[in-house]
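Structure assessment
Letter by letter, the chains look like this.
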Amino acid sequence: MSAPRGDCPSLLAPMASGDGLLLRVKPRAATLTAGQAERVAAGARRYGNGLVELTNRGHLQLRGFAGPGVDGFAGEMARIGLAAAEPRAEAVRNVLADPLGPDDPAAPFDSHRLAHRLSAALEGDPALHGLPHKFGLMVDAGTALPLAGWTADIMVRRAGAGIAIALDGGDRALCLPLEAAEDAVRRLLAAFRSWMGEQDMPAPRMRAMVAERGSGAVFDAAGLRGEPGPQRGTAPTRPPAGYTPLAGGGFFQAGAPFGVLDAAALAALAGIARRFADGRIRIAPWKAAVLCGVARVHAEALRDAAGGAGFAVEPDDPRQRIVACAGRPRCASARADTRADAARLVAMDAVPAGLLHVSGCAKGCAHPGPSPLTLVATEAGYDLVHSGRAGDAPARGGLTLARAAALCGPRP
């Protein structure tokens, strides 16, 4: 059974796929303690097939579950603070924060604290449980490791001594004092909910409201007044793996090759976080785990330990430049084993300097946005899309992997 585009699993509402049920664990502010990570890893082994995927929203997606195992795993996650009590609350609790949060010495405010408050608002207000399950918020105060280029339906970013509220698809932002952030988001959610009730479309998103009314009118509908400013769009950044020193202790990024790891690797990372960092794991949307509080003297030992567990730990590791979906046989929609083919492209030294998206079908679930190069699996081979999405018209079609490698690989 394959899922149609738009389906979005949660912990309490799993989705059927080619290898059983898949579900998501949503760490608040995209942060797990080492103990929580170990419990997730143990549950993935006990109830699922042990595969753990990092998502674009800072979530963990686990695969291979059967019906009875879902309830057992969800109960364990609730006991360690990684789940809401009610399915609709869990489904809409989508708040991404920049990885460093209070550990970014130059950040003007604590993005994790605000993300926790917004998550609690989504979870605790029944009026918000009717939001589309893909609807998401983002809080970015990062300077050392910002979420540059990443988007959500409603975005809160740093702007001088205050914040800038931006909307997906909008052309302007609204600058407000920091203390107005939570109320502003609540007002925008109420305005969106009111507009959503007037629509005859399944699960509309903020982009649709902005397209119909314009971002200025959406702010007006929310009763928001502030200093308008431009909304500058950039391509999502994917910071390289490795160590970055900061005042008071640096951070280390460990990439998950092709966005996936197994339960053993997650458990190993928990031990590494305890030994060399502050005992927490932050999930970045570029499919990496970030460990904070790492002293320079421990950086090399951490790199060796994480590399031994299968993570990408060098800045030039080509696996960080490939995004691949679950692929066959894990997804019934897929027409190729995309992760195996991505590994073959690495072995053939055929990874371009920019991002390469390898998609098992035209839905493009692993990377919904455009990519410099996208390979889309079909029954006839791979289609090649330049500067577009998986569903866009290809420049070439029916390619063998070897021919695709020749077209995608680094140019002399």
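What you see as residue numbers is a count from 1 along each chain, following the sequence as written. Two thresholds apply to this predicted model, a pLDDT of at least 70 for residue-level local features and 80 or more for giving and counting side-chain atom pairs, whereas whole-chain, interface and lining totals are computed over all residues. Calculation of side-chain values draws on the structure's entire complement of heavy atoms; hydrogens and water are dropped beforehand.

Here we look at the sheet that holds strand β19 (residues 371-378)
The following threshold applies: Each pair of strands is called paired provided DSSP finds at least two bridges between the two strands. Counting from the N terminus, the helices are DSSP H or I runs at least four residues long and the strands are E runs at least two residues long. Axis definition: a line fitted to C-alpha atoms, over the contacting stretch in the case of helices. Angles run 0 to 180 degrees between N-to-C directions. The contact rule is simple, with two residues in contact once any of their heavy atoms fall within 4.5 Å.
Pairing is mixed in the open sheet, where five strands are placed in the order β17-β18-β19-β20-β21. Looking along the sheet, the strands with just one partner apiece sit at the ends: β17 (322-324) and β21 (396-399). Each adjacent strand pair in this sheet contributes to an overall mean axis angle of 20°, direction not counted. As judged from the four bridges shared by strand β18 (residues 356-359) and β19, these two strands associate in the parallel manner. Following the sheet pairing, Ser359 is matched in β19 by Val376. In this fold helix α10 (residues 338-347) packs onto β17, β18, β19 and β20 (381-388), with an angle of close to 160° to the strand it touches most, β17. This element, helix α11 (residues 401-408), spans β18, β19, β20 and β21 of the sheet and lies at about 140° to β21.

Points about the pattern of salt bridges
What counts here: Put simply, a salt bridge is a Lys or Arg side-chain nitrogen that is within 4 Å of an Asp or Glu carboxyl oxygen. Classification of residues uses two cut-offs on accessible area relative to the type maximum, computed with a 1.4 Å probe and protein chains only: under 20% is buried, over 50% is exposed, and between them is partly exposed.
Scanning the entire structure with this criterion turns up 28 salt bridges. When the shortest N-O distance is used, the salt bridge between Arg117 and Glu182 registers 2.8 Å. A residue pair is termed long-range when its members are at least 10 positions apart, and Arg117 in helix α4 (residues 111-124) and Glu182 in helix α5 (residues 181-196) qualify at 65 residues. Taking relative accessible area as the criterion, Arg117 reaches 34% and is therefore assigned partly exposed. Note that Arg205 is salt-bridged to Asp153, the shortest N-O span being 2.9 Å. Placement of Arg205 in the loop between α5 and α6 (206-213) and of Asp153 in the loop between β7 (137-140) and β8 (154-159) is noted, with a sequence separation of 52 residues between them. Connected through salt bridges with shared partners, the residues Asp19, Glu53, Arg63 and Arg339 form a single ionic network.

Here we look at α11
The condition is simple: Directions from the helix axis toward the C-beta atoms define the arc.
All buried positions along α11 are accounted for by Leu401, Ala404, Ala405, Leu407 and Cys408. For α11, the angular spread of the buried residues around the axis is 165°, confining them to a single face. Along its buried surface, α11 packs onto α10, β18, β19, β20 and β21.

A look at the packing of aromatic side chains
Ring pairs (aromatic) are described by centroid distance and by the angle formed between their planes. Formally: Stacked, tilted and edge-to-face are the three classes assigned to paired rings of Phe, Tyr and Trp, where Trp is represented by its six-membered ring and a pair needs centres within 6.5 Å; plane angles under 30 degrees give stacked, over 60 edge-to-face, the rest tilted.
Applying the stated rule across the entire model yields five aromatic pairs. When the ring of Trp150 is compared with that of Trp286, the centres are 6.3 Å apart and the planes differ by 45°; the resulting orientation is tilted. In this pair, Trp150 is assigned in the loop between β7 and β8 and Trp286 in the loop between β15 (280-284) and β16 (288-294), connecting sequence segments 136 residues apart. The class of Trp286 is buried, set by a relative accessible area of 7%. Plain terms: the ring middles of Phe192 and Trp195 are 5.7 Å apart, the flat faces sit at 40° to each other, and that makes the pair tilted.

A few points about the pairing of strand β9 (residues 162-167)
Most of β9 sits out of view: six of its six residues are buried. Here β8 runs beside β9; their pairing, made up of six bridges, is antiparallel. Bridge assignment links Ala159 to a residue of β9, and that residue is Gly162. The hairpin turn running from β8 into β9, its antiparallel successor, is two residues long, and Gly160 in that turn takes a positive phi close to 60°. The pairing of β9 with strand β10 (residues 172-176) spans three bridges and is classified as antiparallel. Bridge assignment links Ile165 to a residue of β10, and that residue is Leu174. Two successive antiparallel strands, β9 and β10, enclose a turn made up of four residues, where Gly169 displays a positive phi of approximately 85°.

Focus: the packing of α4 against α5
Each pair of packed helices can be described by the angle between their axes along with the distance between the axes. Quick note on the threshold: By convention the crossing between two helices is left-handed if the near helix lies anticlockwise of the far one by an angle smaller than a right angle, and right-handed if it lies clockwise. Here the nonpolar group is Ala, Val, Leu, Ile, Met, Phe, Trp, Tyr, Cys and Pro; Asp, Glu, Lys and Arg are the charged ones; every other residue, Gly included, is treated as polar.
Where α4 contacts α5, the two axes come as close as 10 Å, and the packing angle between them is 35°. With respect to the hand of their crossing, α4 and α5 are arranged in right-handed fashion. In this structure, α4 uses Leu114, Arg117, Leu118, Ala121 and Leu122 to contact α5, whose residues at the interface are Ala181, Glu182, Val185, Arg186 and Leu189. In terms of residue class, the contact of α4 with α5 is built from seven nonpolar, no polar and three charged.

Quick word on the nonpolar core
Here is a general trend for soluble globular proteins: nonpolar side chains tend to be buried in one another's company. As a reminder of what qualifies: We call a set of buried residues a nonpolar core when its members are Ala, Val, Leu, Ile, Met, Phe, Trp, Tyr or Cys and they connect through side-chain atoms within 4.5 Å of each other.
If you look at the biggest cluster of nonpolar residues, it comprises 44 residues, and the most contacted ones within it are Leu60, Leu62, Phe73, Met77, Ile281 and Leu291. The residues contacting Leu291, other than those within four sequence positions of it, are Gly250, Phe251, Phe252, Leu269, Ile272, Ala273, Ala277, Arg280, Ile281 and Leu302. By size, the runner-up hydrophobic cluster in this structure holds 39 residues, among which are Leu118, Ile163, Ala181 and Val210.

Observations concerning the sheet that holds strand β14 (residues 260-262)
Overall, antiparallel pairing links the five strands, which are arranged β1-β2-β5-β4-β14 in an open sheet. The sheet is open, and its two edges are formed by β1 (15-17) and β14, each paired on a single side. Going across the sheet, the axis of each strand differs from the next one's by a mean of 35°, ignoring polarity. Note: strand β4 (residues 51-54) against strand β5 (residues 60-65), three bridges, orientation antiparallel. Within the sheet, the bridge partner assigned to Glu53 lies in β5 and is Gln61. Packing of helix α8 (residues 263-276) onto the sheet brings it into contact with β4 and β14, and relative to β14 it is tilted by some 85°.

Regarding α4
Heads up, the condition is: Expected span of a helix, by definition, is 1.5 Å for each gap between consecutive residues, and there is one gap fewer than residues. The definition of a polar contact used here is a pair of N or O atoms within 3.5 Å, where within protein one atom must be able to donate a hydrogen and the other to accept one, and adjacent residues in sequence count solely through side-chain atom pairs.
The end-to-end C-alpha separation of α4 is 20 Å, in line with the 20 Å expected for 14 residues at 1.5 Å each. Turning to α4, its buried residues are Ser111, His112, Leu114, Ala115, Leu118, Ser119, Ala121 and Leu122. Two or three places before His112, at the opening of α4, Asp110 has a side-chain oxygen 3.0 Å from that residue's backbone nitrogen.

Purely spatial values, then, with no claim about function.
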